[in-house]
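Working through the structure, step by step
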Amino acid sequence: MRKLIKMIRQKKAIYTMILLLGLIMFGCVYLDSVKVTQIYDGEEVAWAKAGDIATFTLQGHIECHEDHNGVKFVVGFLAPKSWKVSQNAKVTYKNDLAEDPDQEKTMSLIPETSLPKNGGGRTWVEALTQEYGVGPNVLDDMEWVVFWTDDSWDIVNNANPNYTIYIRTDVGEQNLKATLGFFVNHTDDGFSNGGDHKKVKFSDECFEVIDGKGLTIDYCNDHYNKVQPLASLQDDFVTFSFNGAINLENALSKAGDVFFKAIAVTDAGNRYPVNDKSAKTRMTKESAFSDTYSITIWPADFFGVSENEQIVAVEYWFTNQNESIVISKSDDDALLGEENLEEMEPFYFEFLCE
Amino acid sequence: MLHKITKLIFILFTLTLLGACDKFSATESDVFEETDKDLSGVWKLEKVTRNGIDITGLMDFTQFSLDLNKDGTYVVENYLPFVVKDDGKWQVDDPLYPFHLIFKTEGSNQDEVSVEIEYMIVNGKRSLSIDLSPGCFSNVYTYVFNRTDHP
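The notes below deal with the structure included here.

Parameters at a glance
Residues numbered from 1 in each chain as written. Chains lettered and ligands numbered in written order. Predicted model: local features only at pLDDT ≥ 70, side-chain atom pairs only at ≥ 80, totals over all residues. Heavy atoms only, no water. Core = buried A, V, L, I, M, F, W, Y, C linked by side-chain atoms within 4.5 Å. Buried < 20%, exposed > 50% of the residue type's maximum accessible area, 1.4 Å probe, protein only. Contact = heavy atoms within 4.5 Å. Salt bridge = Lys/Arg side-chain N within 4 Å of Asp/Glu carboxyl O. Nonpolar A, V, L, I, M, F, W, Y, C, P; charged D, E, K, R; others polar. Helix = DSSP H or I, 4+ residues; strand = E, 2+ residues; numbered from the N terminus. Lys, Arg positive; Asp, Glu negative; His and termini not counted. Disulfide = S-S within 2.5 Å. Pairing = 2+ DSSP bridges. Axes fitted to C-alpha atoms, helices over the stretch in contact; angles between N-to-C directions. Arc of directions from axis to C-beta.

Considering the nonpolar core
Formed by 56 residues in total, the largest nonpolar core has its most connected members in Phe56, Trp83, Ile165 and Phe207 of chain A. Of all hydrophobic cores here, the second largest spans 31 residues; its members include Leu39, Leu45, Met59 and Tyr119 of chain B.

Structural data, given as structure tokens:
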């Protein structure tokens, strides 16, 4: 009897060891670096000129401890919606498994009908959006776009291939700065819960688009003001928010009521001010514990613009009841340490839709 | 003797089964016929989403109504950005299975405006859902209406 128990114990130990070894040997996908810098005039810079094609480079390796057959590598890219990555990007990759490791092979958009096998019924885009959102960015006008390799690959046990992925895309016409996101995975894993086979990285630098249209939209830093959706016209419902939490010492948050003071500028050059302090302009506190106040308007109606005119921009401020406290762009610039000699310069929102 | 009883039971059982089958033959009352869907009524906004996010509580959407009259005319009351602005005539693409609502503005030379609809039953009430982009094309709003004059 004792012999039997001893034997069972020994077998248990052996099985446990095999299981642990199996777990250790399972293998991993690594994303070693992401590079968002571009070369302009021989210099490496974290910006691109509007309308140019920028190249973003991902480097990583795979440590494979079991055979994987017919695998497609997957890469996800988080970028501002205005870049229209799904239409404009060309994605290629190199890897050591190829006959010619220096040859750039192509990647394509993953069709919506091809779901990740462990994504719980979500598409790749839904899974990435729910899992990582817009990363460290403060505006949500961004999107994940997901590609996979056109070729499928067999990786044998103990193979450790390196890979490089190139995302080349038009950075659009809008001036902006944003933190870009990168994600790698493969179809055999299909967005499983663990982190061994999928990795995500956000750019260390805030990538900027310069020499384009409009004021710079800053996805990277919190500001006193926020507008949603960023691409809007006068027949949208547009939400303007005052974010008092960025500076808890600001006097306006303590004042109680926050009002929206604004002027619409039309294509005819007319200006339509709204400056009453009433229910129409009172901003609503988002929650009892929040320092964010917002107002959602239908601009054409709110400013009473004539039917044959189009609003091209809105200048606005946040004020208290008697306007003894006004928060303007000048205050925002001062808070972020940017030079602004103009006093009470209004926040500015341009009505654009591209 | 036992063999005969078994045989008799088997025959009786088979007859019972055959009889049972006969009782469940199709009758006229079992034939299901789809009826026309009547979308007429006063429709008020119950929910509005912007790019998938619920914004119903951010503005007063309660005053807007779409009156689809039985005589084929419609009236937009307290206009908010919508697929049509002025009153006119309406119809559905298919009364049995309506997937599109078609508006023709009164006295205008404009073509008809056809919008995709979802005509569903939610909590026992008919509900009408329309996707639209009245402003920038990249912003998609979903207007969910409830019929206020009858269920």
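A few points about the interface of chain B and chain A
Listed by partner, the interface residues are 19 residues for chain B and 18 residues for chain A. Linking chain B with chain A are 1 salt bridge, by the criterion used here. Lysine 85 of chain B is the salt-bridge partner of glutamate 307 of chain A, the closest N and O atoms lying 3.2 Å from each other. Along the lines of polarity and charge, the residues of the side of chain B that touches chain A split into 13 nonpolar, 4 polar and 2 charged.

Quick notes on the side chain of aspartate 141 of chain A
Residue and element names in this part refer to chain A. Mapped onto the elements, aspartate 141 comes out in the loop between α3 (124–132) and β10 (142–149). Buried charge without a salt bridge: aspartate 141, with lysine 81 as the nearest opposite-charge side chain at an N-O distance of 4.1 Å. Ignoring anything within four residues of it in the chain, the contact list for aspartate 141 reads Pro80, Lys81, Tyr219, Leu230 and Ala231.

Focus on the state of the cysteines
Residue and element names in this part refer to chain A. For the coordinates displayed, the defined rule picks out 2 disulfides over all chains. Note that cysteine 206 is cross-linked by a disulfide to cysteine 220, the S-S spacing being 1.7 Å. Taking the torsion about the sulfur-sulfur bond, which here is approximately 95 degrees, the covalent link between cysteine 206 and cysteine 220 counts as right-handed. Taken together, the residues span a long stretch of sequence, with cysteine 206 in the loop between β15 (199–202) and β16 (207–210) and cysteine 220 in the loop between β17 (213–218) and β18 (225–228) at a distance of 14 residues. Taking relative accessible area as the criterion, cysteine 220 reaches 17% and is therefore assigned buried.

What to know about the sheet that holds β17 of chain A
All names here are of chain A. Across the sheet, which stays open at both edges, the 4 strands sit in the order β4-β16-β13-β17 with mixed pairing between neighbours. For this open sheet the edge positions go to β4 (47–49) and β17, each flanked by a neighbour on one side alone. Geometrically, the sheet is characterised by an average inter-axis angle of 15 degrees between neighbouring strands, direction not taken into account. Pairing between β4 and β16: 3 bridges, direction parallel. Note that in β16 the partner of tryptophan 47 across the bridge is glutamate 208.

Focus: α3 of chain A
All names here are of chain A. Turning to α3, its buried residues are Trp124, Ala127 and Leu128. Within α3, the buried residues cover an arc of 95 degrees as seen down the axis, which keeps them to one side. Here the buried face of α3 lies against β7 (73–80), β10 and β14 (181–186). Of the residues flanking the end of α3, it is glycine 133, one or two places downstream, whose phi is positive at about 55 degrees.

Interpretation in functional terms is not warranted from these geometric data alone.
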